[in-house]
Amino acid sequence: MNSLNTEAFTLFGQHILWSDMIGNLLGLIALALGWRRNLWSWPVQFASGLILFGAFYGHLTGSAGKQAVVMVVALYGWWQWNRNKGQSGDGHIAPRFASWRERGALVGAAAVGTVAVALLFKAYPSLSWDPWPDAYIFVGTVVAMYAQARGMVEFWFAWLLVDVVGVPLNFANGYAFSGFVYVIYGALVLWGMRDWWLRSRESARPVMEGAPA
């Protein structure tokens, strides 16, 4: 993995590492596949986490640990989508809106998780350079991936909220490439949100008696 931590190129005066570039691009591909409800979204997300874990392991323990959690959630997503891939007529999962109870659970988990992780980062400064935004992005990512695994349209809203903080934070900290990738994330999120929203309405539409299925 040492070769992945070498410089790939320079962008806006920032040195872009191979690991940062490949990991972020795989994450972008995973999100695009998620938009299409393609099962391969999860293996690609796992590969992204694996590359970034290998790049961080040994010198950025906190970042490596976060990628380990992302890989676990990716395995859960793969399992969930395999179980439910026949729900829609096209052989993929059928997007749905979460219930109010599920939404409350997601918001509560995000709030409590962000506070808990931020306090952990503050107690162990070596785990993060910017505890609160870092915790918000990390927990928000896990919540979004969980909602995606459950086929909830709300996962796109969660990604959008992550982007709102992730884009300016990356540019402010000098990670121009990551910031640029987050901008593309935002565009994909808007398109994906629209697609899943429309599909969820089609799935919920009752079939009239005598009408073709």
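Our structure is the block above this text.
Residues numbered from 1 in each chain as written. Predicted model: local features only at pLDDT ≥ 70, side-chain atom pairs only at ≥ 80, totals over all residues. Heavy atoms only, no water.

### Observations concerning the environment of W81
Inspection of the secondary structure puts W81 in helix α3 (residues 61-84). Sequence-wise, W81 and R150 are 69 residues apart; in three dimensions their C-alpha atoms are separated by 7.8 Å. What W81 contacts, discounting residues up to four positions off in sequence, is G34, R37, N38, L39, W42, I93, Q148, A149, G151 and W196. One polar contact links the side chain of W81 to the main-chain carbonyl oxygen of A149, over a distance of 3.3 Å. (Helix = DSSP H or I, 4+ residues; strand = E, 2+ residues; numbered from the N terminus. Contact = heavy atoms within 4.5 Å. Polar contact = N/O pair within 3.5 Å; in protein donor to acceptor, adjacent residues only side chain to side chain.)

### Description of the layout of surface pockets
Approximately 320 Å³ is the volume found for the second largest pocket. Counting residues per element, the ones that place at least two in the lining of the second largest pocket are α4 (100-123), α5 (131-149) and α6 (154-172). With six residues, α6 is the single largest residue contributor to the lining of the second largest pocket. (1 Å grid on protein atoms, 1.4 Å probe; cavity = no way out; pocket = protein on both sides within 12 Å on 5 of 7 lines; lining within 4 Å. Points joined across faces, edges and corners; volume = space filled by probe spheres on them.)

### Here's the deal with the packing of aromatic side chains
Think of a pair of aromatic rings as described by two things: how far the centres are apart, and how the planes are tilted against each other in angle. Within the structure shown, the criterion is met by ten aromatic pairs. A centroid spacing of 5.8 Å and a plane angle of 10 degrees characterise the contact between Y76 and Y146, whose relative ring orientation is stacked. Here Y76 is found in helix α3, whereas its partner Y146 is found in helix α5, with 70 residues between them in sequence. Owing to a relative accessible area of 25%, Y76 belongs among the partly exposed residues under this scheme. On the basis of relative accessibility, which here comes to 34%, the residue Y146 falls in the partly exposed class. Centre to centre, the rings of F155 and W196 are 5.0 Å apart; their planes meet at 65 degrees, and the pair counts as edge-to-face. (Phe/Tyr/Trp six-rings, centres within 6.5 Å; stacked < 30°, edge-to-face > 60°. Buried < 20%, exposed > 50% of the residue type's maximum accessible area, 1.4 Å probe, protein only.)

### Let's talk about the packing of α4 against α5
For the pair α4 and α5, interaxial distance at closest approach is 8 Å and the crossing angle is 145 degrees. Remark: the crossing between α4 and α5 carries right-handed chirality. Note on element contacts: α5 touches α4 through P131, W132, D134, A135, Y136, F138, V139, V143, Y146 and A147, opposite L106, A109, A110, G113, T114, V115, V117, A118, F121 and K122. Considered class by class, the residues forming the contact of α4 with α5 number 16 nonpolar, two polar and two charged. (Axes fitted to C-alpha atoms, helices over the stretch in contact; angles between N-to-C directions. Left-handed = near helix turned anticlockwise from the far one by under 90°. Nonpolar A, V, L, I, M, F, W, Y, C, P; charged D, E, K, R; others polar.)

### Describing the side chain of Q80
Among the secondary structure elements, Q80 is positioned in helix α3. For Q80, a relative accessible area of 4% corresponds to the buried category. In contact with Q80, not counting residues within four places along its chain, are A149 and R150.

### Structural notes on unusual backbone geometry
Phi angles above zero are rare outside glycine, and R37 is one such case at about 60 degrees. Structurally, R37 can be placed in the loop between α1 (18-35) and α2 (41-56). The buried category is assigned to R37, whose relative accessible area is 4%.

### Here's the deal with the environment of A149
Tracing the chain through its elements places A149 in helix α5. For the pair A149 and Y76, spaced 73 residues apart in the sequence, the C-alpha separation amounts to 7.2 Å.

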